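Coordinates in review
Each chain, written out:
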Amino acid sequence: MRQARIRPFSYAIVATLGLVAIWLTPALEKKQVFPMPPVVVTEPGLEPADFLLSPLVVKASNSELVDTLAIVGVIHSSLYNALNESGVGVLPAAARHKLAWSLADIFEYKVDMSRDLSQGDKFHILVERLQRPNGAIIVNKILGARLALSNSHDPLEAIHFDPPGGGSTQYYDASGTSLRAAFLRAPVAFRRISSIFGSRKHPIFGEWRNHTGTDYAAPMGTPVRAIGDGVVIFVGRNGGYGNMIDIRHRNGMVSRYGHMRNFAAGMRPGMRVAMGSTIGFVGMTGWATGPHLHFEIRVGGVAHDPKLALQSKGGEPIPPSERALFQRMRNQTLASLSEAHVPNATE
Ligand SMILES: [Zn+2]
């Protein structure tokens, strides 16, 4: 502290001495005295040299830098790993990880990210990258994405669109239909599943044979969420299902959740639940040898394959007044996605 105060003072003395020296030197012609250019410090925190006579200018950028980045890749082990590899050198590790979750959020009405991904799946992501004045680099938003699943014919596409009227930002498919649909594809809060994003080995939990549900391995206590808006029609113990909840949805379909450790507070028949709300917690009650959620979709009292039953019924379309703008954005986004190629990979 003391030194910091002394320093400007000593600069002033040195500067004065310098001027006096110039003034006292008769041989020195006026033209030999050059104004010194300012010393520019571009990195705040860099110490200027001592005995500096030049004015000091510290330059720091206040503005954020934004650019667009295409990230493409093929899943070999998991989406996490694939994004991690493709994004090296252009995004910091934290941003690469966050990108995997953001992608899961965008497609969570279309793809069960904990089960549907497999080796050979390809992704193209158009990312708005932002650099903060302090140098931190983040993903500002995903402008568009294409996910080509190897077991599905048509690639899934997502186009980011901000309605100019101030409506909420959404992702739409190429035809202008919102990706937000009536049902989530996974009943478990997938951020809590450790084996997420590409593990095709699903453990077996010693349940009854030929059951038509889907089993989600998850740690004890992982929140279980309602896949859509609906009314609770059963809460309680039900034989092999253990602690079970049934929810009836508007289209008459019933979603069933079994083996739960316990239910969320206040769960009772007749209660309305919203899509995504927590209804209970993963356990291993009933016929189960390990903690997991047993999930079923029932239509007319018969269990159906959730993958088929939950195939997206389609969300809201873009309002006609915004269609022209959306189509321009879409064409631009899809063109940028198509331009990007997987490096060193055979398509
Ligand atoms: Zn099961």
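Residues numbered from 1 in each chain as written. Predicted model: local features only at pLDDT ≥ 70, side-chain atom pairs only at ≥ 80, totals over all residues. Heavy atoms only, no water.

1. Quick look at the environment of Phe-161
Among the secondary structure elements, Phe-161 is positioned in strand 6 (residues 156-161). Considering only alpha carbons, one finds Phe-161 and Ile-318, 157 residues apart in sequence, at a separation of 9.5 Å. Residues in contact with Phe-161, not counting those within four places in the same chain, are Thr-169, Gln-170, Tyr-172, Ile-318, Glu-322, Leu-325, Phe-326 and Met-329. (Helix = DSSP H or I, 4+ residues; strand = E, 2+ residues; numbered from the N terminus. Contact = heavy atoms within 4.5 Å.)

2. Regarding the sheet that holds strand 9 (residues 223-225)
In space, the three strands of this open sheet follow the order 9-15-13, with antiparallel pairing throughout. The open sheet terminates on both sides in strands that have one partner only, identified here as strand 9 and strand 13 (262-263). As judged from the three bridges shared by strand 9 and strand 15 (residues 278-281), these two strands associate in the antiparallel manner. If you follow Arg-225 over to strand 15, its bridge partner there is Thr-278. (Pairing = 2+ DSSP bridges.)

3. Quick look at unusual backbone geometry
Here His-259, not a glycine, exhibits a phi torsion of approximately 70°, which is positive. Within the secondary structure, His-259 sits in strand 12 (residues 254-260). Relative accessible area serves as the criterion here: at 0%, His-259 is assigned to the buried category. (Buried < 20%, exposed > 50% of the residue type's maximum accessible area, 1.4 Å probe, protein only.)

4. Some thoughts on the nonpolar core
Considering soluble globular proteins, one finds that nonpolar side chains tend to be buried as a cluster. Within the largest apolar cluster, 29 residues are counted, with the highest numbers of intra-cluster contacts made by Leu-99, Phe-107, Phe-123 and Leu-147. Those elements that provide at least two residues to this core are strand 3 (65-74), helix 2 (79-86), helix 3 (93-106), strand 4 (122-131), strand 5 (137-148) and strand 6. It is helix 3 that contributes the most residues to this core, six residues altogether. Apart from the residues lying within four places of it in its own chain, the contact partners of Phe-107 are Met-113, Ala-145, Leu-147, Leu-156, Glu-157, Ala-158 and Leu-179. In terms of nonpolar packing, the next biggest core, distinct from the first, is built from 25 residues, Val-232, Ile-245, Ile-279 and Phe-295 among them. (Core = buried A, V, L, I, M, F, W, Y, C linked by side-chain atoms within 4.5 Å.)

5. Examining the packing of helix 2 against helix 3
Two elements in contact, helix 2 and helix 3, have axes separated by 9 Å at closest approach and are oriented at 130°. It follows that helix 2 is oblique to helix 3 by the angle criterion. Between helix 2 and helix 3 lies a crossing whose hand is right-handed. Here Leu-79, Tyr-80, Leu-83 and Asn-84 of helix 2 lie close against helix 3, whose contacting residues are Arg-96, His-97, Leu-99, Ala-100, Trp-101 and Leu-103. Partitioning the contact of helix 2 with helix 3 into residue classes produces seven nonpolar, two polar and one charged. (Axes fitted to C-alpha atoms, helices over the stretch in contact; angles between N-to-C directions. Parallel < 35°, antiparallel > 145°, perpendicular 65-115°, else oblique. Left-handed = near helix turned anticlockwise from the far one by under 90°. Nonpolar A, V, L, I, M, F, W, Y, C, P; charged D, E, K, R; others polar.)

6. A look at the sheet that holds strand 7 (residues 170-172)
Taking strand neighbours across the sheet as the criterion, the five strands line up as 3-4-5-6-7 in an open arrangement whose pairing is antiparallel. Both outer strands of the open sheet, strand 3 and strand 7, are each paired with one neighbouring strand and no more. Neighbour to neighbour, the strand axes of the sheet diverge by 30° on average, direction disregarded. Sitting on the sheet, helix 3 is in contact with strand 3, strand 4, strand 5, strand 6 and strand 7, with an inclination near 45° to strand 5. Relative to strand 6, helix 5 (residues 323-339) is tilted by about 130°, and along the sheet it contacts strand 4, strand 5, strand 6 and strand 7.

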